[in-house]
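# Descriptive analysis of the structure
These are the residues of each chain, in order.
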Amino acid sequence: MSSTTPQHEGKARSAARRSGRKKGPATAARGTPDRHPAPGHHLSLLRRMLAIRRFEERCVELYSGAKIRGFVHLYIGEEAVAVGVNQALREEDAVVSTYREHGHALARGVPADAVMAEMYGRATGCSRGRGGSMHLFDATHRFYGGNAIVAGGLPLAAGLALADRMRGSTRVTCCFFGDGAFAEGEFHETANLAALWRLPLLLVCENNLYAMGTSLAREHAQTNLAMRAASYGMPAWTVDGMDVLAVEAAALRAAESVRAGNGPHFLEAQTYRFRAHSMYDPDRYRAKSEIEEWKGRDPLKGLAELMRSEGQLDDRMMEELDMEVLAEIDQAVGRAEEAPLEPVADLLRFVTSETGSTA
Amino acid sequence: MSKRKAPSGTSRPTTYREALREGLREALLQDERVFLMGEDVGRYGGCFGVSLGLLEEFGPDRIRDTPLSESGFVGAGIGAALGGMRPVVEIMTVNFSLLALDQILNNAATLLHMSGGQLSVPVVIRMTTGAGRQLGAQHSHSLEGWYAHIPGIRVLAPATVDDARHMLAAALADPDPVLIFEHGSLYNAEGALDEAVDAVDLDTAAVRRAGTDVSVITYGGSLPKAMAAAETLAGEGISAEVVDLRALRPLDDATVMASVGRTHRAVIVDEAWRSGSLAAEISSRITEQAFYELDAPVQRVCSAEVPIPYARQLEEAALPQPATIVDAVRRTVS
């Protein structure tokens, strides 16, 4: 089968119109018309998105203060994708990510303390100071990075899925990547391999419209990403990546189908980064008006407004939530500041394994 | 892992190809996490016939034909290793492995370090290397030295049937990525498989022939040429010691320096190009560690600095040959 029955989800369609996109992909994921979330569910989603947002805002301050260095790629604006998709994943599942992975790591459950300490290059960092912002890893959460080569994580994710498939496991491997990855051969090699071998792989493309500074339309002959993914014989859906509930619903549906043994699924989340590509990027390639337009669709604001309209949220609650989140980040920063440096004497550790055989 | 045992005197004739196949078969029988994956490894039987018959015995799940997508399936091997399997990935030639270099260098070799020691990658990647079969530039290069440049991977070059038979098991026992380079001209080579050897260690070079006048240091497909040269030199009264590096990363400096300490002269034979080669690295190490042992400048016999040509006489002229090794030795002992 080349794709699922077309299903049109109103929100994504109207979002596509607002953003001036070309005609949307052949299929779009259904929203959550008949889900009755548990009490506090929306609040939990909002809290997670807020935690990512505030964490990264603090990173900007720390970067300006030279506390953290290197390339720092912010996820601000895209929080709904990480949070929504992680709702569909279980503890035993695996996640492979890119260099814009703070949100993925935090949504996956990697402790903010460990992520912040890694940004500081400290011994308590989740990669013991060897990774930094672009290479967050956490084996206990099956978080496999943190890959700074565009599309480089895709074959790896296929391999994790292959290992599960060969052992008859129902675990899912979820691989995040950007629209830029579509121009790399590794995306296509992975899509072919995964579909050919029916691997339990959930491919999540975060289409934020720009590969660094090059817009999708300027680097792709065909900008309909879901259609291209579907051509490999996997179900491919597009979802409004600014709507956490829509992402959650689509991801749940896709992950359940992957888990049921239906091979790889592709999910395109149409999203936008509010900040530049990295801290070094002067952001000359985008119109201010475009950025402002997308900021009007801020995923945090969208969910908060929905919750307010349903009486689930008021100003006082929002303020308390923010205070809680900020306190956690303060704690993470404080702990990172005080954490020991990884000794220079240990420079050459972890080039080869220290445990002898793992067999 | 047990160390190399002394030869027992009992042996059976086999080919390099058959020895590799026996090693693979044993690995597949002993550990159900082991599987072979690569281009034409299944129905075709391996493009050099190494895996012939394994598909029938182990089935398509474990003898897994892949599409022609080196980066994709090598990366999948790395991912499968992360996921708890013990994949053996076959790439047809080192030239094609360049399409997977991103996965090998940026993922396999770096994940352990980048993750602060959390993610080891127990993948084994086998590929053919070298020239001598008139296959032209895109199938004939010797790039194992490039891989030996990279921290985080182990690089092996079996040159004998014993090593071909047993290196795979040792490689699979290594928790880190191991690349095995099989020289294309060796597959049909016959040798006596020592019945007493049931394991090899990956850390030491081997002295294949003892000598007193010069150390000829080599590996892989150049070993038979070095042995032939040593035979010729013996006829001239020159006693050449032949050192087979076996492992190109990490290099066994101790065996090399001990040999140079005995002979005081060194000739390095490396089928790769001279500039920036493994031969350059070894020469430099000898200078650093054994300079005062030397009675003559270190000599190198490498391939001509040219893409390997097709025509037989040109190809032969481009590669190290027994005669050029003999010449280099004569220069250094005169």
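Residues numbered from 1 in each chain as written. Chains lettered and ligands numbered in written order. Predicted model: local features only at pLDDT ≥ 70, side-chain atom pairs only at ≥ 80, totals over all residues. Heavy atoms only, no water.

Chain B appears in an unreviewed UniProt entry as Alpha-ketoacid dehydrogenase subunit beta from Streptomyces venezuelae. One UniProt comment on chain B, placed under Cofactor (unreviewed entry), says "thiamine diphosphate". (UniProt positions renumbered as here; feature names shortened; annotations may be inferred.)

Chain A has the name Pyruvate dehydrogenase E1 component subunit alpha in an unreviewed UniProt entry, where Streptomyces virginiae is given as its organism. Database annotation for chain A, UniProt heading Catalytic activity (unreviewed entry): "N(6)-[(R)-lipoyl]-L-lysyl-[protein] + pyruvate + H(+) = N(6)-[(R)-S(8)-acetyldihydrolipoyl]-L-lysyl-[protein] + CO2". Quoted verbatim from the Cofactor (unreviewed entry) heading of the UniProt record, the comment on chain A is "thiamine diphosphate".

Looking only at helices and strands, chain B features 13 helices and 14 strands. Rg of the C-alpha trace for chain B: 19 Å, near the compact-globule value of 20 Å for 334 residues, within the 12% margin. Overall, the C-alpha framework of chain B stretches about 60 × 45 × 45 Å when taken along its three principal axes. Summed over its atoms, the accessible surface of chain B is roughly 12100 Å², and 54% of this surface lies on carbon and sulfur atoms. Measuring between centres, the 29 positive side-chain charges of chain B sit 1 Å from its 43 negative side-chain charges. (Helix = DSSP H or I, 4+ residues; strand = E, 2+ residues; numbered from the N terminus. Rg over C-alpha atoms; globule rule 2.2 N^0.38 Å. Areas by Shrake-Rupley, 256 points an atom, 1.4 Å probe, with all protein chains shown as cover. Lys, Arg positive; Asp, Glu negative; His and termini not counted. Charge placed at Lys NZ, Arg CZ, Asp CG, Glu CD.)

Below, the discussion takes up the pattern of salt bridges. For the structure on display, the rule yields 44 salt bridges over all chains. Here A:Arg130 makes a salt bridge to A:Glu342, at a shortest N to O gap of 2.6 Å. With A:Arg130 in the loop between helix H5 (112-119) and strand E2 (143-146) and A:Glu342 in the segment after helix H13 (315-338), the pair connects residues that are 212 residues apart, well separated along the chain. Here A:Arg130 falls in the buried class, since its relative accessible area comes to 16%. Under the relative-accessibility criterion, A:Glu342 is labelled buried at 14%. Three or more residues are tied together by salt bridges with common partners; here these are B:Arg12, B:Glu22, B:Glu26, B:Arg165 and B:Glu195. (Salt bridge = Lys/Arg side-chain N within 4 Å of Asp/Glu carboxyl O. Buried < 20%, exposed > 50% of the residue type's maximum accessible area, 1.4 Å probe, protein only.)

In this model helix H10 (residues 244-259) of chain A runs 22 Å from its N-terminal to its C-terminal C-alpha over 16 residues, within 8% of the 22 Å that 1.5 Å per residue would give. Where H10(A) terminates, the next one or two residues include A:Gly261, which has phi positive at roughly 95°. (Expected span 1.5 Å × (residues − 1).)

Let's shift gears to the packing of aromatic side chains. All names here are of chain A. Following the criterion strictly, the structure yields 14 aromatic pairs over all chains and no others. Seen in terms of ring centroids, Phe-71 and Tyr-280 are 5.5 Å apart; in terms of plane orientation they differ by 85°. Their pairing is edge-to-face. Highlighted residues: Phe-71 in the loop between helix H2 (41-64) and helix H3 (79-86) and Tyr-280 in the loop between strand E8 (265-270) and helix H11 (288-295), separated in sequence by 209 residues. By relative accessible area, Phe-71 is classed as partly exposed at 44%. Given a relative accessible area of 54%, Tyr-280 falls into the exposed group. Each ring, one from Tyr-272 and one from Trp-294, has its centre 4.9 Å from the other, and the planes form 5°; the classification is stacked. With Tyr-272 in the loop between E8 and H11 and Trp-294 in helix H11, the pair connects residues that are 22 residues apart, well separated along the chain. The exposure class assigned to Tyr-272 is buried, which follows from its relative accessible area of 0%. Relative accessible area serves as the criterion here: at 4%, Trp-294 is assigned to the buried category. Connected via pairs of aromatic rings, a cluster forms that spans Phe-177, Phe-182, Phe-187 and Phe-266. (Phe/Tyr/Trp six-rings, centres within 6.5 Å; stacked < 30°, edge-to-face > 60°.)

Next up on the list: unusual backbone geometry. Between A:Gly145 and the following residue, A:Gly146, the backbone shows a cis peptide bond with an omega angle of 20°. One can find A:Gly146 in strand E2. Here the bond from B:Arg249 into B:Pro250 is cis, since omega is -10°, no more than 30 degrees from zero. Residue position: B:Pro250 is located in the loop between strand E12 (247-249) and helix H10 (253-263). For A:Arg128, which is not glycine, the phi dihedral falls at a positive 50°. Position of A:Arg128 among the secondary structure elements: in the loop between H5 and E2. Phi at A:Arg198 is positive, roughly 50°, even though this residue is not glycine. Note on placement: A:Arg198 falls in the loop between helix H7 (185-196) and strand E4 (201-207).

For the rest of this paragraph, the subject is helix H9 (residues 223-235) of chain B. Each α-helix winds once per 3.6 residues, and so residues spaced three or four apart point in a common direction. All names here are of chain B. The terminal C-alpha atoms of H9, which comprises 13 residues, lie 19 Å apart, in line with the 18 Å expected from a rise of 1.5 Å per residue. Of the positions making up H9, those classed as buried are Leu-223, Lys-225, Ala-226, Ala-229, Ala-230 and Leu-233. An end-on view of H9 places all buried positions within 155° of arc, on one side of the element. Set apart from the buried face of H9 by more than 90 degrees, the exposed residues are Glu-231 and Gly-235. (Arc of directions from axis to C-beta.)

All right, on to the confidence of the model for chain B then. Detailed reading of the predicted coordinates is not advisable wherever pLDDT falls low. Residue and element names in this part refer to chain B. For chain B, the average pLDDT comes to 96, and 97% of its residues sit at 70 or higher. Segment residues 1-5 is flagged for pLDDT under 50; beyond a separation of four residues in sequence, or across chains, it makes 17 contacts in the model. Two numbers describe this predicted complex: its pTM, 0.92, and its ipTM, 0.93. (pLDDT = per-residue confidence, 0-100. Contact = heavy atoms within 4.5 Å.)

Looking now at the sheet that holds strand E4 (residues 86-93) of chain B. Residue and element names in this part refer to chain B. Reading across the sheet, the seven strands line up as E3-E2-E4-E5-E7-E6-E12 and stay open at both edges, with mixed pairing between neighbours. Edge positions in the open sheet fall to strand E3 (63-65) and E12, since each of these has one partner strand only. Direction aside, neighbouring strands of the sheet carry axes that sit 20° apart on average. Here strand E5 (residues 124-129) runs beside strand E7 (residues 178-183); their pairing, made up of six bridges, is parallel. When the bridges of E7 are listed, Thr-129 appears paired with His-183. (Pairing = 2+ DSSP bridges. Axes fitted to C-alpha atoms, helices over the stretch in contact; angles between N-to-C directions.)

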